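Take a look at the letters that make up each chain.
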Amino acid sequence: MYKSVIIGTGPAGLTAAIYLARANLNPLVIEGPEPGGQLTTTTEVENFPGFPEGIMGPELMANMRKQAERFGAQFRSGWINSVDLSKRPFTLSLEGGETLQAETLIISTGASAKYLGIPGEKDNVGRGVSTCATCDGFFFRGKKIIVVGGGDSAMEEANFLTRFASELTLVHRRDELRASKIMQDRARENPKISWSLNRTPLEVLSGENGVTGLKVRNNETGEEEIIEAQGVFVAIGHTPNTKFLGGQVETDEHGYIITKPGSSETNVPGVFACGDVQDNKYRQAITAAGSGCMAALDCEKFLEGAVTQDWSVSLG
Ligand code: NAP
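Keep in mind it's a predicted model, so treat the numbers as computed, not measured.

Conventions adopted
- Residues numbered from 1 in each chain as written.
- Predicted model: local features only at pLDDT ≥ 70, side-chain atom pairs only at ≥ 80, totals over all residues.
- Heavy atoms only, no water.
- Pairing = 2+ DSSP bridges.
- Helix = DSSP H or I, 4+ residues; strand = E, 2+ residues; numbered from the N terminus.
- Axes fitted to C-alpha atoms, helices over the stretch in contact; angles between N-to-C directions.
- Salt bridge = Lys/Arg side-chain N within 4 Å of Asp/Glu carboxyl O.
- Buried < 20%, exposed > 50% of the residue type's maximum accessible area, 1.4 Å probe, protein only.
- Domains from an automatic or database assignment.
- Contact = heavy atoms within 4.5 Å.
- Buried area = accessible area lost by both parts, 1.4 Å probe.
- Polar contact = N/O pair within 3.5 Å; in protein donor to acceptor, adjacent residues only side chain to side chain.
- Nonpolar A, V, L, I, M, F, W, Y, C, P; charged D, E, K, R; others polar.
- Near = heavy atom within 4 Å.
- Areas by Shrake-Rupley, 256 points an atom, 1.4 Å probe, with all protein chains shown as cover.
- Core = buried A, V, L, I, M, F, W, Y, C linked by side-chain atoms within 4.5 Å.
- pLDDT = per-residue confidence, 0-100.
- Disulfide = S-S within 2.5 Å.

A. How the structure looks around the sheet that holds strand S15 (residues 210–218). Sheet architecture is open: three strands sit in the order S14-S15-S16, paired in antiparallel fashion. What marks the edges here is a single partner per strand, and that holds for strand S14 (199–207) and strand S16 (224–228). Here the average twist between neighbouring strands, direction ignored, is 30°. As defined by bridge partners, S14 adjoins S15 across eight bridges and the pair is classed as antiparallel. Note on S15: the bridge partner recorded for Leu205 is Gly213.

B. Just the pattern of salt bridges, in detail. Overall, the coordinates contain 10 salt bridges when judged by the stated rule. The partner of Glu31 in a salt bridge is Arg65, with the nearest N and O atoms 3.0 Å apart. Highlighted residues: Glu31 in strand S2 (residues 28–31) and Arg65 in helix H2 (residues 57–70), separated in sequence by 34 residues. A residue is classified by how much of its surface remains accessible, and Arg65, at 24% relative accessible area, is partly exposed. The partner of Glu224 in a salt bridge is Lys215, and the shortest N-O contact between them spans 3.8 Å. In this structure Glu224 comes out as exposed when scored by relative accessible area, which is 54%. Residue Lys215 is classed as partly exposed on the basis of its relative accessible area, which comes to 22%. Overlapping salt bridges bring together Glu31, Arg65 and Glu69 as one network.

C. Highlighting the domain arrangement of the protein. When cut into domains, the protein gives domain 1 (2–113 + 238–314) and domain 2 (122–234). Distance from the C-alpha centre of domain 1 to the C-alpha centre of domain 2: 32 Å. Listed as interface residues are nine residues of domain 1 and, on the opposing side, nine residues of domain 2. The junction of domain 1 with domain 2 conceals about 680 Å² of combined surface from both sides, 52% of it contributed by carbon and sulfur atoms. In this assembly, domain 1 and domain 2 are joined by zero salt bridges. Viewed at the interface, domain 2 and domain 1 are joined by zero residue pairs in polar contact (both at pLDDT 80 or more). Grouping the constituent residues of the side of domain 1 that touches domain 2 by class yields one nonpolar, five polar and three charged.

D. Structural detail: the site of the ligand. For the ligand, the set of nearby residues contains 15 residues, the closest of which are Asp152, Ser153, Arg173, Arg174 and Arg178. Gly150 places a polar main-chain atom, nitrogen or oxygen, 3.0 Å from an oxygen atom of the ligand. A distance of 2.6 Å is found between an oxygen atom of the ligand and a side-chain nitrogen or oxygen belonging to Asp152. Burial of the ligand by the surrounding chains reaches 71%, relative to a free accessible area of 910 Å². A per-element tally of the shell around the ligand places helix H4 (residues 152–161) first, with three residues. Classifying every residue of the shell around the ligand gives three nonpolar, seven polar and five charged.

E. Structural detail: the nonpolar core. By size, the foremost hydrophobic cluster in this structure holds 30 residues, and its most contacted members are Ile6, Leu20, Phe48, Leu60, Ala73 and Ile106. Only helix H1 (11–22), H2 and helix H6 (285–303) provide two or more residues apiece to this core. Excluding its chain neighbours within four sequence positions, the residues that come into contact with Leu60 are Leu39, Phe48, Phe51 and Ile55. One finds Leu28, Ile80, Leu100 and Ile257 within the second-largest nonpolar core, a separate group that totals 22 residues.

F. Seen up close, the confidence of the model for the protein. For the protein, per-residue confidence averages 93 on the pLDDT scale, and residues scoring 70 or more make up 96% of the total. In this model, residues 311–316 is a region of pLDDT below 50 whose contacts with residues beyond four sequence positions or in other chains number nine contacts.

G. A look at the state of the cysteines. This model, assessed by the stated rule, comprises one disulfide. With its sulfur 2.0 Å from that of its partner, Cys132 forms a disulfide with Cys135. As the torsion about the S-S bond is roughly 75°, the Cys132-Cys135 disulfide counts as right-handed. Cys135 gets classed as partly exposed once you look at its relative accessible area, which sits at 25%. Free cysteine Cys274: the closest other cysteine sulfur is in Cys293, separated by 9.9 Å. Given a relative accessible area of 0%, Cys274 falls into the buried group. Cys299 takes part in no disulfide bond, and the closest cysteine sulfur to it belongs to Cys274, at a distance of 9.9 Å. With a relative accessible area of 0%, Cys299 lands in the buried category.

Written out as C-alpha cells, the structure reads:
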C-alpha cells in the first residue's frame, strides 16, 4: 500500500515525484514504455529555464529522475492495464497480474504524438523528423520544411515554422482542410507557405546528414512525387494516454483529463492529473513540470485531509 503512486515519468510525473519525496511521502513512480516521456525523443532543449546553453532532452530527464531518487522516490517499470477508482485505496492492476494499492494517484501519462507510420519516419526522429515545432523549429533556420496535417495543429505549426524556413510546404492527404476557418485563413495568407493538398505521404527520404525529402502520392493522378526538405514536421494530432482509466476519470471528447481550473484535481477525490494528459494547449516541458508541482502539493494537502473535492458536482 502506497500513500501516493505517480504514473508516468515525463517532466510532470518527475516533478511531482521530487516534491512528494521531499515531503517524505515516499511516492512510487511507475515508468511506462517511454521512460522520460516525449523529451527523450528530442535532441537539444533550449527553452527550459536554467540551462542557458541548452540541455539534451534525455539528460534533462535523467537529471530530474536522479533528483527524485535523491529524496527517496521509488521507481519501477510496468504497464498498468486497468485501475479501480471506485473506492480508496485505489487498486492498480499491472500487466503480469500484480496489483498495487494507493491512497492517492497522480496521473502524468502524457500524450503521444501520432506518427504517420511510413518508412523512414521513426528512424529519422531527431534527424529531421519532428512532432514539435516549438521544440525543434529553431534547428531548421534557412532550411526547407514540410508540415504534414490538415488540422489546427498543422496550420499553427506551419505558421510558426515560417519564421525559420526558407520554404515551407504543407502536405495534407485530402483536398479539404480540417482546420478551423480562422487558422486556415491565417495560413493561406502566409506567403511563405505552399500547399500540396490531396497528397498521401508514403516515405521519409534521408541520407547521411538526415532527412532529404518526403515521397508522396498525388491522389488525383496516382503518381508519386518527391518534395525536397530537410525537416518533416508531423502534425496529425496527439493521443492522450488515458485508455487504462476505463472512463472512471472525466475526460473531454478527445480523451484529455479534465482538471478543476487552477488545480490538478480530477472529478475523483484523491486522483490528480498533470502534464500533457490534461493539457491540449500548452504542451511544454516547463508547463508540464509546473503542473506536476501543483499535483504534488494538491496531493499532499489531500493526504492531510485538508481538501474536500466536491467541485465535480458543479461540472454537471
Ligand atoms: P486534428 O484536428 O485531429 O487533425 C489531424 C489532421 O491530421 C487531420 O487533417 C487529418 O487528416 C490528419 N491525419 C491524421 N492521421 C493522418 C495520417 N495517418 N496520415 C495523414 N494525415 C493524417 O488534430 P490537431 O490539428 O492536432 O487538433 C486537435 C485539437 O486541438 C482540435 O480540436 C484542434 O482544434 C485543437 N487545436 C487548436 C489550436 C488552436 O486553436 N490554436 C491549435 C492546435 C490544436 P483528415 O483531415 O483527412 O482526417
